[in-house]
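Coordinates in review
Spelled out from the first residue to the last, the chains are:
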Amino acid sequence: MVYIHLAGAGFRRQSQYKLAMFAGLFTNCVFGFVRAAVMMAAVRASDGFGGYDEGSIGAYVWLSQGLLGATQFMGPPLELVDRVKNGDIAIDFLRPVDIQFGYLAADLGRAAATILPRGVPSVLIGVLTFGLTMPNTPTPYLLGLLSVLLAVALSFLCLFAVGLIGFWVVETRGLRVLYQISGTFLAGLFVPVHMFPDWLRTIAHATPFPSILQAPIDILSGRVIGTEAVTVVAAQVFWVLVIGAVGRVLLAAGRRRLEVQGG
């Protein structure tokens, strides 16, 4: 199937950047140690830190560090942004491959190549240095793999929609920066979403961002189990369908707006 081949191509292309992966792993670990130290101090200094103890807050920190490369917030693929901006996306419309699904397949391959050498070692380093509290049964990990897959897909679909705004504006850089700042915060990268005040937590859950990062962390760390974990995955599926539909609407509208001049 063509999308499997595209996923494989995305995996191989990302695998070429071995030095960049090592640099990403090193950066993950450095910031992981800093974040873990701060969070551990906060847990020790407070009484009931949002239901977290030292082991569970360590799991939150290192799982979030491990998932950062796969669930990227740095903005849509520059290739897509450039093709929308200069009109080359007109060629993509003529190809017998769905644009959204094609880019999604390639990004899933990219994410897989990122998790193996960068994400997994980050978590293992956390386990060896901080003694994380993790589930001791296979079910959370199996459901967690599905949650991570949905998180990666949702992250890409959000970025894809942001990139398509280039059909209507000349420069999307400001929107991409705004997305990155608001997305990482509402996703629970800096502090868990569970620590937000009630009003801010309500706002966060009205967006897809917690489903990109907080959701897979909660499942993999065992914070949510059983029916509650299934509900979290169902919320991820809901946002994948909604944001995917938004992307298709923007793509169709952008195609009608597109004008290509010259030969």
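Please refer to the structure placed before this passage.
Anyway, here's the lowdown on the structure attached to this text. Computed from a predicted model, the values in this text were never measured in an experiment.

A short note on the packing of helix α6 (residues 99–130) against helix α7 (residues 139–164)
Packing of α6 against α7 leaves a shortest axis separation of 10 Å and a crossing angle of 130°. On the basis of the axis angle, α6 is oblique to α7. In terms of crossing hand, the pair formed by α6 and α7 is right-handed. Touching Ile99, Gln100, Tyr103, Leu104, Asp107, Leu108, Ala111 and Ile115 of α6 are Val148, Leu149, Val152, Ala153, Phe156, Leu157 and Phe160, all from α7. Per-class residue counts for the contact of α6 with α7 are 13 nonpolar, one polar and one charged.

Thoughts on the packing of aromatic side chains
Overall, the coordinates contain eleven aromatic pairs when judged by the stated rule. Seen in terms of ring centroids, Phe33 and Trp62 are 5.2 Å apart; in terms of plane orientation they differ by 80°. Their pairing is edge-to-face. Of this pair, Phe33 sits in helix α2 (residues 18–45) while Trp62 sits in helix α3 (residues 54–68), placing them 29 residues apart in sequence. Residue classification places Phe33 among the partly exposed residues on the basis of a relative accessible area of 36%.

How each quantity is defined
- Residues numbered from 1 in each chain as written.
- Predicted model: local features only at pLDDT ≥ 70, side-chain atom pairs only at ≥ 80, totals over all residues.
- Heavy atoms only, no water.
- Axes fitted to C-alpha atoms, helices over the stretch in contact; angles between N-to-C directions.
- Helix = DSSP H or I, 4+ residues; strand = E, 2+ residues; numbered from the N terminus.
- Parallel < 35°, antiparallel > 145°, perpendicular 65-115°, else oblique.
- Left-handed = near helix turned anticlockwise from the far one by under 90°.
- Contact = heavy atoms within 4.5 Å.
- Nonpolar A, V, L, I, M, F, W, Y, C, P; charged D, E, K, R; others polar.
- Phe/Tyr/Trp six-rings, centres within 6.5 Å; stacked < 30°, edge-to-face > 60°.
- Buried < 20%, exposed > 50% of the residue type's maximum accessible area, 1.4 Å probe, protein only.

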